Amino acid sequence: PIRGAILKATAGYKSVIRYTQADGRYEIALPPGSYSVSVEAFGFGAKRLTKDAAEASETNFSLTPKLDLARLSGADLENLLPVNPQTKLFARECIECHGMETVMHKSGFTAAQWQVFMPTMTRGKVVPPNYPPPEMAVMTALLEKYFGPEAPYFGPDADPPSPEQLKHVDISDAALNATVREYTIPTGLPSMPHSIMVDGNDDAWFSERGIGVYKIGRFESRTEKFDEYSVPIPEHGTGNPHTGVIGKDGSVWMSLIHDGRDSMGPDLAQVDPETGKVTTYTIPDSIKHLGVHTLAADPDGNVWMGGSAVWKFDVKTKQFKEYKVSLPSIYPESSIQNWGHAPGDPPQSTRDTRTTYYDIRVDSKGKVWVSAGVFGWIYRIDPATGETKEYRPPETGSIKGMEIDSQDNVWFAGFQSNILGKLDAKTGHFSIYHFPTRFAMPYGIAFDKKTGNMWAGDMNGQHITRFDPRTEQFTEFPVLLSRPKFLGNDSKSRIWFTEYLDGKIGVLDTGEGSKRVSSMR
């Protein structure tokens, strides 16, 4: 019997995913119809067949041992690389939109082939990397060294690794009863759904970004129906929906980003969920800088924005106000920006980016918290006085998502550090927790007020990961090749996530508290 195999049944725009139990058995409950059913398990070759769900019977698979590197997560694959300044530089540059598994698909490329491919790699979805020639030469040489024709494990004629080298973490018993449902967005692959949140009706709202894609999506969870709302963009302007928040009055707010291109265009969008009307707002040029990135709502219903600066949008007066945060002129030694530096290299000077303040949250007392992304630091802003306070977490080279729990503790995702961190705002004490998967990369995090659990989207390990603060235990739920980023949770404690590179959204139901009977093999 194969425990922990991943079964997926797909028909049309929807897939249902379950896991095999210790005896190799599984159950997938489906409405009548024809389904493509696939199975994957670590260390075994994948299989697929077509099944008519109207025929109540067992569907058995016999799997053959096989280590297929193309079907592994980036976290598994990173165990095959040495840890040195070269690979840390490579990880810093490449593992941002995708994990190591995407790089591996071009294994065997020479440096010259990488130089041709990299300017086209985003396929027109987002702005491609634009390295100066010296940096391009360094990056492509590293890609050839570790993934080129002569590379260990990844070269076309290389001997395969042993399963033990991958340090794969098996699915825990606590995750085996979960069900994952995936839904393909109507816009399909041109859409890149980055962030997701859930409103009071348990409908999921998500951003759709990509060059020429200016949409905000809603998925009505009860009817499994999609709605897409176009954001009005001026001619020659931009404004890709990125990250949102549900307002105090139920309005849906979404940041609009410009990705370093012509910044002409709005920075904030509001959707009326009743009428579908989209209204946009633009930050005044005098305080706009490079634009907005993420949003939060305060107790009064105002919208706070992080990005190249920190702003508040007053929902009554429709006015923007900037709040100053003083950052050092050089990156701290621990910053991810210093990864790849050779001994003796001078410290790197800071520069303004659209993600200088990556995520933003507001606590119950109205204090505003921002993650200074590649600094790996956290700042608190008192809106009443403008006073700021700096916090420096240990072991943290960069921070993506943040969250505030019911005690106003500040949680953060140490993206390149394999950590989930907690700051006790009363004492200033940090607690650091390491994910079971060695190269997990937590991106967005979400707090479930109902259960007290914290959740993280592990982009590189391809998990939706739960952390129970009471037991300090992690549970990793595999969502194969999904690359989850930001998360949302609903009233049933289900976790919603986006599949950024695949034009899909998904929802995880842990299955806890419900009795399931297996009747298939």
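For the structure, check the block above.
As the structure is a computational prediction, the values presented were derived from the model and not from experiment. (Residues numbered from 1 in each chain as written. Predicted model: local features only at pLDDT ≥ 70, side-chain atom pairs only at ≥ 80, totals over all residues. Heavy atoms only, no water.)

**Q** Explain the overall build of the chain to me, please; I cannot follow it from the model alone.
**A** Within the chain, the secondary structure is distributed over six helices and 32 strands. Computed over the C-alpha atoms, the radius of gyration of the chain is 23 Å, within 12% of the 24 Å expected from 2.2 N^0.38 for a compact globule of 521 residues. Viewed in the frame of its principal axes, the chain has a C-alpha envelope of about 65 × 55 × 50 Å. A buried classification covers 56% of the 521 residues belonging to the chain. Taking the intrachain contacts of the chain between residues at least 6 apart in sequence as the baseline, contacts between residues at least 24 apart amount to 53%. (Helix = DSSP H or I, 4+ residues; strand = E, 2+ residues; numbered from the N terminus. Rg over C-alpha atoms; globule rule 2.2 N^0.38 Å. Buried < 20%, exposed > 50% of the residue type's maximum accessible area, 1.4 Å probe, protein only. Contact = heavy atoms within 4.5 Å.)

**Q** Even after reading the chapter, I still don't get the sheet that holds strand β25 (residues 430-434), so can you show me in this structure?
**A** Strand pairs in the sheet, formed through backbone hydrogen bonds, run parallel or antiparallel to each other. Spatial ordering of the open sheet is given by β22-β23-β24-β25, a layout of four strands whose pairing is antiparallel. A strand with exactly one partner marks an edge of an open sheet, and here the two such strands are β22 (399-404) and β25. With strand direction ignored, the average angle separating the axes of adjacent strands in the sheet is 20°. Here strand β23 (residues 410-414) pairs with strand β24 (residues 419-423) via five bridges, running antiparallel. Within β24, the position partnered with Val-410 by the bridge is Leu-423. (Pairing = 2+ DSSP bridges. Axes fitted to C-alpha atoms, helices over the stretch in contact; angles between N-to-C directions.)

**Q** In this structure, what is going on with helix α2 (residues 85-94)? I would like to understand it.
**A** Side chains of residues three or four places apart in an α-helix project in the same direction, reflecting 3.6 residues per turn. Among the residues of α2, those classed as buried are Thr-87, Leu-89, Phe-90, Ala-91, Arg-92 and Cys-94. In this structure Asn-84 caps α2, since a side-chain oxygen of it lies 2.9 Å from the backbone nitrogen of Gln-86. (Polar contact = N/O pair within 3.5 Å; in protein donor to acceptor, adjacent residues only side chain to side chain.)

**Q** How should I be thinking about the environment of Ser-57 in this particular structure?
**A** Tracing the backbone through its elements, the reader meets Ser-57 in the loop between β4 (47-52) and α1 (74-78). When its relative accessible area of 32% is taken as the criterion, Ser-57 is described as partly exposed. Each C-alpha atom, one on Ser-57 and one on Leu-290, is 58 Å from the other, the two residues being 233 residues apart in sequence. A polar contact is formed between the side chain of Ser-57 and the side chain of Lys-51, at a distance of 2.6 Å.

**Q** How do you make sense of unusual backbone geometry when you look at a structure like this?
**A** Backbone phi values are negative for most residues with the exception of glycine, while trans is the configuration of most peptide bonds. The backbone of Lys-167 shows a phi angle near 50°, a positive value even though the residue is not glycine. Inspection of the secondary structure assignment puts Lys-167 in the loop between α5 (133-147) and β5 (179-184). Assessed through its relative accessible area of 47%, Lys-167 is described here as partly exposed. Of note in the backbone geometry, Asn-418 takes a positive phi value of approximately 60° without being a glycine.

**Q** Where do I start with the nonpolar core in this structure?
**A** A general trend in soluble globular proteins is that nonpolar side chains are found buried together. One finds Leu-77, Leu-81, Phe-90, Met-100, Val-103, Phe-147 and Phe-154 to be the most contacted residues of the largest nonpolar core, which totals 30 residues. Breaking this core down by element, the ones donating at least two residues are α2, α3 (100-104) and α5. The greatest single-element share of this core, amounting to six residues, is contributed by α5. Counting 17 residues, the second-largest nonpolar core is a separate cluster that includes Ile-171, Leu-176, Ala-178 and Phe-477. (Core = buried A, V, L, I, M, F, W, Y, C linked by side-chain atoms within 4.5 Å.)

**Q** Even after reading the chapter, I still don't get the state of the cysteines, so can you show me in this structure?
**A** In protein structure, a disulfide is the covalent linkage between the sulfur atoms of two cysteines. Scanning the entire structure with this criterion turns up zero disulfides. With no disulfide partner, Cys-94 has as its closest neighbouring cysteine sulfur the one in Cys-97, 11 Å distant. Relative accessible area serves as the criterion here: at 33%, Cys-97 is assigned to the partly exposed category. (Disulfide = S-S within 2.5 Å.)

**Q** Can you walk me through the sheet that holds strand β27 (residues 454-458) in this structure?
**A** Across the sheet, which stays open at both edges, the four strands sit in the order β26-β27-β28-β29 with antiparallel pairing between neighbours. Looking at strand neighbours, the two that pair on one side only are β26 (442-447) and β29 (473-478), the edges of this open sheet. Strand after strand, the sheet turns through a mean of 25° between neighbouring axes, direction not considered. Bridging between strand β28 (residues 463-468) and β29 involves six bridges; their strand directions are antiparallel. Residue His-463 lies in a different strand from β29, and its bridge partner there is Pro-478.

**Q** Help me understand the packing of aromatic side chains, please; the structure alone is not making it clear to me.
**A** Here the structure, examined in full by the defined rule, presents 30 aromatic pairs. Between the aromatic rings of Phe-90 and Phe-147, the centroid separation amounts to 5.6 Å while the plane-to-plane angle is 40°, which identifies the pairing as tilted. Of this pair, Phe-90 sits in helix α2 while Phe-147 sits in helix α5, placing them 57 residues apart in sequence. With respect to burial, Phe-90 and Phe-147 carry one shared label: buried. Note on Phe-435 and Phe-474: the rings are 4.7 Å apart at their centroids and 35° apart in plane angle, and the pair reads as tilted. Separated by 39 residues along the polypeptide, Phe-435 in the loop between β25 and β26 and Phe-474 in strand β29 bring together distant segments of the chain. Each residue in the set Tyr-13, Tyr-183, Phe-206, Phe-219, Phe-226 and Trp-496 is aromatic and connected to the rest through ring pairs, giving one cluster. (Phe/Tyr/Trp six-rings, centres within 6.5 Å; stacked < 30°, edge-to-face > 60°.)

**Q** Would you mind showing me how to read the side chain of Thr-187 here?
**A** Of note, Thr-187 is situated in the loop between β5 and β6 (196-198). In terms of polar contacts, Thr-187 uses its side chain to reach the side chain of Glu-208, at 3.4 Å. Polar contacts involving the side chain of Thr-187 include one to the side chain of Glu-228, which spans 2.6 Å. Those residues in contact with Thr-187, other than ones at most four positions away along the chain, are Glu-208, Lys-215 and Glu-228.

**Q** Would you take a moment to explain the pattern of salt bridges for this structure?
**A** Tallying each qualifying case throughout the model produces 24 salt bridges. The salt bridge partner of Glu-40 is Arg-71, with a shortest N-O separation of 2.4 Å. Residue Glu-40 is found in strand β3 (residues 34-40), and its partner Arg-71 is found in the loop between β4 and α1; the two are separated by 31 residues along the sequence. Judged by relative accessible area, which is 34%, Arg-71 ranks as partly exposed. Salt bridges sharing partners connect three or more residues here, namely Arg-218, Glu-220, Lys-225 and Asp-227. (Salt bridge = Lys/Arg side-chain N within 4 Å of Asp/Glu carboxyl O.)

**Q** I keep staring at the pairing of β3 and nothing clicks. Help me out?
**A** A regular strand places its side chains so that they alternate between the two faces of the sheet. Counting buried residues along β3, five of its seven residues qualify, which places the element largely inside the surrounding structure. One ladder, built from six bridges, connects β3 with β4; its direction is antiparallel. Note on β4: the bridge partner recorded for Val-37 is Leu-49.

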